[in-house]
Each structure stands twice: as structure tokens, then as C-alpha cells.
Amino acid sequence: MTDRRQDDMSTVDSATPDASRRAFLKGGAAAAAVVTLAPGVTLYATGADAAVTGPATSAKRWGMLIDANADAGVWDVAVAACQKEQGWGGGENPATDPQWIRKVTVKNPKTGATANMPVMCQHCDEPPCVDVCPTGASMKRADGIVLVDKHICIGCRFCMMACPYAARSFVHEPVQGQKPHMPRGKGTVEACTMCVHRVDRGQQPACVEALAASGSTAMMFGDLNDPNSDISRAVSKYVTQRIRADLNVGPGIHYRGI
Amino acid sequence: MAADTTVYKEIEGKGGDYYSLIGWLGVIIAAGLYAVFNMEHHGHVVTGMTNAVVWGTPHVFAVFLIVAASGALNVASISSVFGKYHYKPLARLSAVTAVALLAGGLMILVLDLGRPDRLIVAMTHYNFKSIFAWNIILYNGFFVIVLAYLWVMMERRMNPHSSKVGMAAFLWRLVLTTGTGSIFGFLVARPGYDAAIMAPMFIAMSFSFGLAIFILIVNAAYRSSGRPLGDKILFKMRNLLGVFIAAALYFNAVQHVTNLYAAEHGGVEAFILMDGGIYTFLFWVIWVGLGSLFPLALLFNPATGRTSTGINIASVLVILGGLAQMYIIIIGGQAFPLQLFPGMEVSSAFFDGSVHPYAPSHWEIMLGLAGMAAAVLIIAVAVKYLPLLPLSLSDAKVDPHHAKD
Ligand code: SF4
Ligand code: SF4
């Protein structure tokens, strides 16, 4: 059991863990080097370390800070980047098509003030989806990223009943256009992976990178456990809020300006 | 405890009636399997379920059957745990009904999975934190313990142990229903569900639904096999059903009243009780009216309560009301949107902040009915091949003085 989970932690992003890919993941040094060259994003040495050291470690707590004051249009960029990276979207049945990340508009009925922000899996500290999953397919890595192991998901959807954020989607139809790093399957549940395949290579999640490339700093990704990381500094500097903090599930996504 | 002098015998099950019943059940089950094939082949997109209403009509039927299963065991429990010997002759049938209903309910749950082919995964990978996984263990245990109970009742040498095993089965069923209720009680984010009252309410409902089904089965079995069924046992069950209907209604009322006092539940309460459209209709008209108050009136009005037709109609209505109540709890609870920002107006392309529409597809209904048919089929086959039914349930047979001989 422990062994299996341990194994999942490093390979869960792949439903077909083949040796070459694993070797690629483990040989993270090269990937990390590439990443430190990536332009336009604040890079965290710690991010590269993750790839070098292999398995996820609880020394880190990956998280995000999202600025809801940003221009509403940037969230469409984030959603499109996620679709492109992970291979979802483009369906014709809005009620059943998967939606890993969505733009949510919040309006204060008294003042009329509105804010827009993306909502996706909040990568909770105490994820209800993981608690209820009968098979253990829903799981939290030591570094806080919550994933679905699609090998053992039976499609019972209990995790979707339990998630306070409607963050998960059930694949209602056969899937097309899968990405090699993100196998998806009809009859299983899926959600934002915080781009674990990129993070383990020392890169940023696709949405964060896309915003950065468009010149926006509205999404910030990093290690919340590292007091010197940009995200930790920002979280201690601004008044931030987490959605439904009252539920005590400890979301890893922080927001400001709601 | 009085020795059981009842003579049990397999039913003949030879007539055209019996075979046409079996035939019809077979057709309904085949139709359900065809529905499953379609749901698995095309994906759940052919159902009415969505990413917002993730549990649909199959779950309404499944949870109803599972809840009723533990209630159907009551007659057996009452006889061996509480020593009410007039129920003793029906204890075997009660145990078989319980097992059959549970099997039908689980069949639906499994066949609705996104990956029913991975059933083996569900049985080999347990997350012991999951109330759902615990329920799987509880269900399996229920099968084992109730079948053992049936065996000690049927095997004369083992009879002396029947009250102990009966007690174990009784306790197990209480835990099982609590577990089923907790599947919903644990969902903290869903304002319609997180009430401590959920567990006792499910137990009360299980008593009522299970007994209603049981009464119908006893009536049907005795009428069709031409064996005598006296008023005494029937009226006893009628009185019990009345008490259970009232208890279920009472706990439901407590649930709604406590929710009304909790400010954060105001929204979902108003939704179910006042402006939820179909859910409000189902609540007041089908569950409270047709499924609870009207059957109570039928049962305790001498003109109808003293006839088996009146009691049968009341039982059918209780079942209808029970299905409606499950629909309200399961689907109504999901149709009401999650509150990401309480007090704010929320909208998105993922339908945040709006009531989620849901309409059952015929596939889902076919699967649900197939589960019910499977339960009836198990009972029909069991009474033909096992000595479960007493030759007579006439008043003389059931009467305490005769039973004590
Ligand atoms: S947001 Fe939902 S899916 Fe993501 S970790 Fe939390 S409970 Fe699980
Ligand atoms: S749908 Fe899959 S991930 Fe979700 S609770 Fe069921 S088995 Fe676990």
C-alpha cells in the first residue's frame, strides 16, 4: 500500500508510466536547467530542486496567489492556456463538458461591485475529495498537489459530491486529443493538476506562464512553505482570502481583491 | 422463547402466474442492462446527470433500496430481538427480503459507476478514511450476517442461537443505515446535507420503507399461493407501519426546522420547502401528502385499514413517497448551487450560482427499475426453492395461545 502510493506520487500524472518518461522525470537536473532559462517568469530555485530530488516532499507546499483586481480578460487567457496544455474543452455540452478552470464573476448585490477570478481545484490541505474517495484514487501529494489516479478511479463521483468548489469534472463522453502527459478517460473524474508534470520539471503551471507571457502578474505560483518565495512574501504583504475558508479545508489557492 | 411449531414450505411456483412474473422481471432486468450498455458505451452524457448533478435517478433507486433493505429486516429483528413471537413465522422471509433489496440497490450503484469494469479495484483498494469504503464493508457484512441469521433460523439444531445472531444482525443494520445516512452527512459543503439528524432520519425512513415493501410481498406471496393469511399479523404490521411513517415524518420535520434556524441553511431550506419547483412539489405533495399523511389516514381509517387492499395501497404510497424523498435529498441537494461566496451573486460558464437543471433520462429509470426487479426476482426464486414461507399465517396460527403450545 505504502509502496503503491509512493509510486503514484511520482507517476500519477501519467496513466501509462513508461520507463522512458520516468527516466525523464527522474533526470530532473536537465529539465531544471532549461527552466531557469525560461524568460519572463519569476523562477524559484526550489522549483528546480523538486525535479532534482524526485518525489514530492512535504518540505514544500505548492500554492497560488490570484489577484482578482486584474482585468477580467486575463482569466480567459488562463482558461485557454489550461485547455491547450491539458487537452480539454471545445465540447458542445456545457453541462457535461469537463471544466478544469473557469472564470467566476462575483457581484455584491448591495454595492454592485464585481470581481472576476478563476476557480479551479484549490488543492486543499484537508481535501474532502480525498477523504471520501473509496479507492484512494483521489490523493494528495506531500507537496500539497491533489490529483486523481486514473488507474484506480471507478467513477463513483463521490469526490464531486464532497468538493466544496465544484472543481472536478466527470468525463461524460469519449475523449479526443489527449496530451501524452495527461491521459484522460471516459468514466473517470479529473481536475486541475496544478500542472504537476510541469512543476516536477521546475516549470510554472501553464496558466501562470501564459499570463506572465502576456505581461500580467495576476497569477503567482510558488512554495508557500518557503518564507523567501515571492508568493510567501506577497501573501504576507497583502490581505488575502481563500474561498470558503470557513469550511476549514485549507485551500492552497489564495486570492486578493475579492 | 416459544418453540417454533410453524411449518415452512417452498411455494409451488408452477403456475403460469409465477412464470409470467419471472418473465416480466427478466424483461425489466434485460432492459436495465441494455441501458447500462448504452451509458457505458456512449458515456454518461446520454443520462440526465451532469457535472453539477453528479448523482441522479439511479442513486435515488439505489439508496432507496439500500435503506429499505435494512428496514425489511425489522420483522425478523422484532421477533428474535424483542421476543414478539407473532412475527416469528415471517422472520425468514424478512431476512431474505433484506438481502434481496440490498443486492438490488448495490447492483444499481455498481452498474452506474463510470468504470463498472473496475469493480475489482473497488474491492482491493480501500481508503479507510472514506465513509463510502466503510459502507462497502458494511454491505458485505450485512449479507454475511443476515444469511447466517437465516441459516440459524432454518437449521433446527441452530435455533437456540437465533436470538443472538438476530441481535447481531439488528445492531449491524442500525450501523448500516447510519452509514448510508452519513454518506450525505459528511458532505460539509452541501448545505442540504450536513445535519446530524440525517442518520436517525434515515433509520426511521428505513423502518417505514422496508416494512411497506415487506407487507406487499407477504400479501402477494400469500394471495398467489393460496395460503391462508389472517388479519392478526396483517393488522400488527399495519400498526407498525403507521408508527414508522409518523417517525420518519417527525425526524424529517426536525431536520427542516433545525436547518431553518441555522442561517447558512436558509437558502436551501427555502429552495426545498418553498420555491424549488419540482422539489417543493415532491416534498409537500408526494412525500408529505401522498406518501405519508394519506397512507396514515388509510391505515387508521377503519373502512380502509381493515382491508388488505387498503393496506396494500398505503404501502405502495409509502414506497412512492420514499422515492420522492430520496429524489429531494439526493437530487434537490445537488440542484441547489454550492455557495462559493455566501451572500454574493455568483455566475460563470460552469453555472455557478444558478439552480442546476436535471431531468432523468429513460436509461436511468430503466436501470433503477432493473434493480428493483432484481430484488423481487431474488425473493421469488428464494421462496420457490427454500422453505421460507409458513404454510399458514391464519389468525389461529399467529395467535399467541396457539404459538405457545
Ligand atoms: S478543491 Fe475540491 S477537488 Fe480540489 S482538493 Fe479541494 S476538495 Fe479536492
Ligand atoms: S470518482 Fe474516482 S476519484 Fe472520485 S471518489 Fe470515486 S473513485 Fe475516487
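All of these numbers come straight from a predicted model, not from anything done at the bench.

Caption draft 1: Examining the overall build of chain B more closely. The helix and strand inventory of chain B stands at 16 helices and three strands. Computed over C-alpha atoms, the radius of gyration of chain B comes to 22 Å, within 12% of the 22 Å expected from 2.2 N^0.38 for 405 residues, which places it in the range of a compact globule. For chain B, the residues scored as buried account for 59% of the 405 residues in total. Partitioning the intrachain contacts of chain B with sequence separation of at least 6 by distance along the chain shows that 80% fall at a separation of at least 24. Put simply, chain B shows about 15700 Å² of open surface, and 71% of that area lies on carbon and sulfur atoms. Averaging the locations of the 22 positively and 19 negatively charged side chains of chain B gives two centres separated by 14 Å.

Caption draft 2: Geometry of the site of ligand 2. Close to ligand 2 lie 13 residues; A:Cys133, A:Cys153, A:Cys156, A:Arg157 and A:Cys159 are nearest. Class assignment of the residues belonging to the shell around ligand 2 gives a composition of nine nonpolar, three polar and one charged.

Caption draft 3: Local environment of the interface of chain A and chain B. Counting residues at the interface gives 55 residues for chain A and 50 residues for chain B. Here chain A packs against chain B, burying approximately 4400 Å² in sum over the two surfaces, 62% of which is carbon and sulfur. If you sort the residues of chain A by the area they bury against chain B, A:Ile154, A:Arg157 and A:Met161 come out on top, with a joint share of 17%. Between chain A and chain B we count four salt bridges in total.

Caption draft 4: View of the site of ligand 1. Around ligand 1 sit A:Cys121, A:Gln122, A:His123, A:Cys124, A:Pro127, A:Pro128, A:Cys129, A:Val146, A:Cys163, A:Pro164, A:Tyr165 and A:Arg168, and those are all the residues in its vicinity. Of the residues belonging to the shell around ligand 1, the class tally is nine nonpolar, two polar and one charged.

Caption draft 5: Broad picture of the pattern of salt bridges. All names here are of chain A. In the structure shown here, the tally under the stated rule is 16 salt bridges over all chains. One salt bridge connects aspartate 143 with arginine 141, and the closest N-O pair in it is separated by 2.6 Å. Residue class for aspartate 143 comes out buried when judged on its relative accessible area of 3%. Judged by its relative accessible area of 2%, arginine 141 falls in the buried class. Residues joined by salt bridges that share partners form a network here, namely Glu85, Arg198 and Glu209.

Caption draft 6: Spatial organisation of the side chain of A:Arg184. Residue and element names in this part refer to chain A. Mapped onto the secondary structure, arginine 184 falls in the loop between β6 (169–170) and β7 (189–190). Residue classification places arginine 184 among the buried residues on the basis of a relative accessible area of 8%. The contact partners of arginine 184, leaving out residues within four places of it in the chain, are Gln86, Gly87, Trp88, Pro98, Trp100, Lys150, Val175, Gln178 and Glu190.

Caption draft 7: Representation of the pairing of strand β2 (residues 101–107) of chain A. Of the strand pairs in this sheet, β2(A) and strand β3 (residues 114–120) of chain A are connected by seven bridges, and their pairing is antiparallel. Bridge pairing in β3(A) links A:Val104 to A:Met117. In the sheet, β2(A) pairs with strand β2 (residues 345–348) of chain B via four bridges, with the strands oriented antiparallel. Across the sheet, residue A:Thr105 finds its bridge partner in β2(B), namely B:Ser347.

Caption draft 8: Local environment of the packing of helix α4 (residues 91–112) of chain B against helix α6 (residues 131–154) of chain B. Residue and element names in this part refer to chain B. Where α4 contacts α6, the two axes come as close as 9 Å, and the packing angle between them is 160 degrees. Considered as vectors, α4 and α6 are oriented roughly antiparallel to each other. Here α4 runs over α6; the crossing is left-handed. For the pair α4 and α6, the contacting residues are Ala91, Arg92, Ala95, Val96, Ala98, Val99, Leu102, Ala103 and Leu106 in the first and Tyr139, Phe142, Phe143, Val146, Leu147, Leu150, Met153 and Met154 in the second.

Caption draft 9: Focus on the packing of aromatic side chains. Residues and elements named next belong to chain B. Tallied over the entire structure, the rule returns 20 aromatic pairs over all chains. Arranged with centres 5.5 Å apart and planes meeting at 85 degrees, the rings of tyrosine 18 and tyrosine 19 form a pair that is edge-to-face. Under the relative-accessibility criterion, tyrosine 18 is labelled buried at 11%. A relative accessible area of 46% places tyrosine 19 in the partly exposed class.

Caption draft 10: Up close: the sheet that holds strand β1 (residues 62–67) of chain A. All names here are of chain A. The mixed open sheet is built from three strands, whose spatial order is β8-β1-β9. The open sheet has two edge strands with one neighbour each: β8 (219–223) and β9 (253–256). Going across the sheet, the axis of each strand differs from the next one's by a mean of 20 degrees, ignoring polarity.

Caption draft 11: Quick look at the confidence of the model for chain A. Overall, the predicted model of chain A reaches an average pLDDT of 83, with 79% of residues at or above 70. Residue range residues 1–53 of chain A is modelled with pLDDT below 50. Its contacts to residues more than four positions away, or to other chains, number 78 contacts.

Caption draft 12: Seen up close, the nonpolar core. Ranked by size, the top nonpolar core spans 195 residues in total, and within it A:Phe158, A:Met219 and B:Met237 carry the most contacts. When residues of this core are assigned to their parent elements, the largest contribution, 17 residues, is made by helix α8 (residues 198–225) of chain B. Aside from chain neighbours lying at most four places away, what touches B:Met237 is B:Val75, B:Tyr87, B:Leu90, B:Leu211, B:Phe214, B:Ile215 and B:Val218.

Caption draft 13: Broad picture of the pairing of β3(A). Burial of β3(A) is extensive: six of the seven residues sit out of reach of the surface. Between β2(A) and β3(A), which pair antiparallel one after the other, the connecting turn spans six residues, and A:Gly112 there sits at a positive phi close to 85 degrees.

Reading guide: rules and limits
Residues numbered from 1 in each chain as written. Chains lettered and ligands numbered in written order. Predicted model: local features only at pLDDT ≥ 70, side-chain atom pairs only at ≥ 80, totals over all residues. Heavy atoms only, no water. Helix = DSSP H or I, 4+ residues; strand = E, 2+ residues; numbered from the N terminus. Rg over C-alpha atoms; globule rule 2.2 N^0.38 Å. Buried < 20%, exposed > 50% of the residue type's maximum accessible area, 1.4 Å probe, protein only. Contact = heavy atoms within 4.5 Å. Areas by Shrake-Rupley, 256 points an atom, 1.4 Å probe, with all protein chains shown as cover. Lys, Arg positive; Asp, Glu negative; His and termini not counted. Charge placed at Lys NZ, Arg CZ, Asp CG, Glu CD. Near = heavy atom within 4 Å. Nonpolar A, V, L, I, M, F, W, Y, C, P; charged D, E, K, R; others polar. Buried area = accessible area lost by both parts, 1.4 Å probe. Salt bridge = Lys/Arg side-chain N within 4 Å of Asp/Glu carboxyl O. Pairing = 2+ DSSP bridges. Axes fitted to C-alpha atoms, helices over the stretch in contact; angles between N-to-C directions. Parallel < 35°, antiparallel > 145°, perpendicular 65-115°, else oblique. Left-handed = near helix turned anticlockwise from the far one by under 90°. Phe/Tyr/Trp six-rings, centres within 6.5 Å; stacked < 30°, edge-to-face > 60°. pLDDT = per-residue confidence, 0-100. Core = buried A, V, L, I, M, F, W, Y, C linked by side-chain atoms within 4.5 Å.

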